[in-house]
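# Understanding the architecture of this molecule
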Amino acid sequence: MKTRTLLLISTLLLFTITSCSPRMVGTWKVTKFETISPGEQNVTLQNIGTITFKGNNKGEKELNYQVMGIKRNDVQPFTWSTSENYITIDSKDSEVAKTWIFIENKKKRQVWKSTDGSKKIQSLELEKQ
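Residues numbered from 1 in each chain as written. Predicted model: local features only at pLDDT ≥ 70, side-chain atom pairs only at ≥ 80, totals over all residues. Heavy atoms only, no water.

## Observations regarding the side chain of Gln-122
Tracing the backbone through its elements, the reader meets Gln-122 in strand β8 (residues 121-128). Here the side chain of Gln-122 touches Glu-95 through a polar contact of 2.8 Å, side chain to side chain. A polar contact of 2.3 Å, which involves the side chain of Gln-122, links it to the side chain of Lys-98. Not counting chain neighbours up to four residues away, the residues in contact with Gln-122 comprise Phe-33, Glu-34, Thr-35, Glu-95, Lys-98, Trp-100, Trp-112, Lys-113 and Ser-114. (Helix = DSSP H or I, 4+ residues; strand = E, 2+ residues; numbered from the N terminus. Polar contact = N/O pair within 3.5 Å; in protein donor to acceptor, adjacent residues only side chain to side chain. Contact = heavy atoms within 4.5 Å.)

## Here's the deal with the pairing of strand β1 (residues 26-36)
Sheet analysis places β1 next to strand β2 (residues 43-53), joined by nine bridges and oriented antiparallel. Bridging across to β2, Trp-28 finds its partner in Ile-51. The antiparallel hairpin formed by β1 and β2 contains six residues in its connecting segment, where Gly-39 sits at a positive phi of about 85°. (Pairing = 2+ DSSP bridges.)

## Considering the packing of aromatic side chains
By the definition in use, this model includes six aromatic pairs. Pairing Phe-53 with Trp-80 gives two aromatic rings, centres 5.2 Å apart and planes at 85°, and the pair type is edge-to-face. Of this pair, Phe-53 sits in strand β2 while Trp-80 sits in strand β4 (residues 70-82), and the two are 27 residues apart along the sequence. For Phe-53, a relative accessible area of 2% translates into the label buried. Taking relative accessible area as the criterion, Trp-80 reaches 4% and is therefore assigned buried. Seen in terms of ring centroids, Trp-100 and Trp-112 are 6.0 Å apart; in terms of plane orientation they differ by 50°. Their pairing is tilted. Pair noted here: Trp-100 is in strand β6 (residues 99-105) and Trp-112 is in strand β7 (residues 109-115), with a separation of twelve residues, a long-range link. Here Trp-100 matches Trp-112 in class, with each residue buried. When the ring centre of Trp-100 is taken as reference, the NZ or CZ atom of Lys-98 above it lies at 5.4 Å. (Phe/Tyr/Trp six-rings, centres within 6.5 Å; stacked < 30°, edge-to-face > 60°. Buried < 20%, exposed > 50% of the residue type's maximum accessible area, 1.4 Å probe, protein only. Lys NZ or Arg CZ within 6 Å of the ring centre and 35° of its normal.)

## Some remarks on the nonpolar core
Met-24, Val-30, Phe-33, Phe-53, Ile-87, Trp-112 and Leu-124 are the most contacted members of the largest nonpolar core, which totals 20 residues. When contributions to this core are tallied by element, the ones reaching two or more residues are β1, β2, β3 (58-67), β4, β5 (86-90), β6 and β8. In terms of residue count, the dominant contributor to this core is β2 (four residues). Aside from chain neighbours lying at most four places away, what touches Trp-112 is Met-24, Phe-53, Ile-87, Ile-89, Trp-100, Ile-101, Phe-102, Ile-103, Gln-122, Ser-123, Leu-124 and Leu-126. (Core = buried A, V, L, I, M, F, W, Y, C linked by side-chain atoms within 4.5 Å.)

Put into structure tokens, the structure is as follows:
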């Protein structure tokens, strides 16, 4: 009886841990990257690359875009963590390295928003490949 109880508890614990694991693992295409600054022209970029999230809370970015004539090539590893409403990406010299709020958090589509602590709001839209 104790063995059955222990097995049941172990199974439930394993199920709980795996059900809480983020649906982020995999490669996501960044379909839209938008920066909104009040009083300034908004910047909207389409299909700027991919972000790959690995199950060990590490990942790789391959983002290439140009804003106001400045080319940006963000190809770097990163670490990441999530909670129910947020995802945090840690990386050096990257526009996406920050804490983002999940606006839409689905298996195949993600929409995130963040701010720079001032008036600039950024939005990312991702689709799972």
